[in-house]
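What follows is the residue order along each chain.
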Amino acid sequence: MYVIYNPTHVRHDPPYEIYDGVRAPYAETAARAEAIIARLRQDSSYRITRPRHFPLAWRRRIHHPRYIRFLRERSGQLGEAEALNPSYFITDTYAPIVQHTYRVAGQAVDVALTAADKLLQGENPVYALCRPPGHHAEHLSMGGYCYFNNAAIAAEYLSKHGRVAVLDIDFHHGNGTQHSFYERSDVLYVSLHADPQVRYPYISGFEEEKGRGQGHGFTRNYPLRLGTTDAEYLGTLRNALRCIASFVPDYLIVSAGFDTYAHDPIGGFALTVPCYQAIGQAIAGLNIPTVAIQEGGYCVPALGDIAYAFLQGLQGKNL
Ligand code: SP5
Ligand code: ZN
């Protein structure tokens, strides 16, 4: 399968995040994506390919021009060791802007769009190894390690060619993606995530959020308890997949976060590595052309095996 990857992501490397007023090492490190690509290189059936560049107009369909300008101008103004923390447009303490953030975040959009394009050319499945991740990025704000919403932009791109479903399996609710399509009936958003009463992003992901206006019924949230096991997760996933199947999408985007893993330093579920193969295989059972887009996942020593298990499953293969 095709893996779209751009090694220049390493230049986006914020020095710290802030938790309860205390600086902590930045969890969304370059080592995450490097661990995944190193694992995939061990299997020659993974065809690792650079992205091509797409017009900036695609970003503007999801993000406000003022927001994009802010990110570009502030990135450009920062020195090598500087970081810009919460301000207007930056809504939490987990998305600092550093010197190369605008460029690298834009390249992650190109990774996602190149993967979507491969799908349109008949490749299936395709994996976009995006970094930074995107699903917390909103029309007018960045947060939770996210700047441009790679999955939402890819969904918007594919929606010109058919009905699109987004399945978000990151540990955290994808507030940005949900809100991008909240009033639309042509893009379905379905998410499994930690109960937002107790975990980031706190503001969205509740079961009663179902979409608005024409979009009513086209958002579906499955909040799960901390400590969720493989069996519980796979049981809920089956319900989510039934919801997607009844929408009859032409394309599926999976916002693939691996922070649901038992030993993730930020997460709080109990999933094991083999479970990711089962998740991938269950998604493959839908038989819908699928692009997987990398979101979170912070247990660097396990990320390679988790991603490999998931992608093998997504191809209907065993470990
Ligand atoms: C894409 C994605 O997975 N974003 C996640 C954003 C989560 N932000 C909250 C993380 C808080 C972790 N800090 C805990 C430190 C405890 N000492
Ligand atoms: Zn996450």
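Worth saying up front: this structure is predicted, and the values here are computed from it rather than measured. (Residues numbered from 1 in each chain as written. Chains lettered and ligands numbered in written order. Predicted model: local features only at pLDDT ≥ 70, side-chain atom pairs only at ≥ 80, totals over all residues. Heavy atoms only, no water.)

(A) Just the overall build of the protein chain, in detail. A count of helices and strands for the protein chain gives nine helices and 10 strands. Against the 2.2 N^0.38 benchmark of 20 Å for 319 residues, the protein chain shows a C-alpha radius of gyration of 18 Å, consistent with a compact globule. If you line up the protein chain on its principal axes, its C-alpha atoms span 50 × 45 × 40 Å. Burial statistics for the protein chain: of 319 residues in total, 60% are counted as buried. Summing over all exposed atoms, the protein chain offers an accessible surface of approximately 12,300 Å²; the carbon and sulfur share of this is 49%. (Helix = DSSP H or I, 4+ residues; strand = E, 2+ residues; numbered from the N terminus. Rg over C-alpha atoms; globule rule 2.2 N^0.38 Å. Buried < 20%, exposed > 50% of the residue type's maximum accessible area, 1.4 Å probe, protein only. Areas by Shrake-Rupley, 256 points an atom, 1.4 Å probe, with all protein chains shown as cover.)

(B) Representation of the packing of aromatic side chains. By the definition in use, this model includes 17 aromatic pairs. Measuring from ring centre to ring centre gives 5.9 Å for Y94 and Y200, while their planes differ by 90 degrees; the resulting arrangement is edge-to-face. With a gap of 106 residues between them, Y94 in the loop between α3 (65-77) and α4 (101-120) and Y200 in the loop between β7 (187-194) and β8 (219-224) connect regions that are remote in the sequence. The ring of F54 carries R52 above its face, with NZ or CZ at 4.0 Å from the centroid. (Phe/Tyr/Trp six-rings, centres within 6.5 Å; stacked < 30°, edge-to-face > 60°. Lys NZ or Arg CZ within 6 Å of the ring centre and 35° of its normal.)

(C) Focus on the pattern of salt bridges. Applying the stated criterion across every chain yields a total of 10 salt bridges. One salt bridge in this structure joins E156 and K160, with 3.1 Å as the shortest N-O distance. Residue E156 is classed as buried on the basis of its relative accessible area, which comes to 2%. According to the relative accessible area criterion, K160 is partly exposed, its value standing at 45%. Its salt-bridge partner being E232, residue R225 comes within 3.2 Å of it at the nearest N-O pair. Beyond isolated ion pairs, a larger network of salt bridges with shared partners links R61, E156, K160, R184 and D186. (Salt bridge = Lys/Arg side-chain N within 4 Å of Asp/Glu carboxyl O.)

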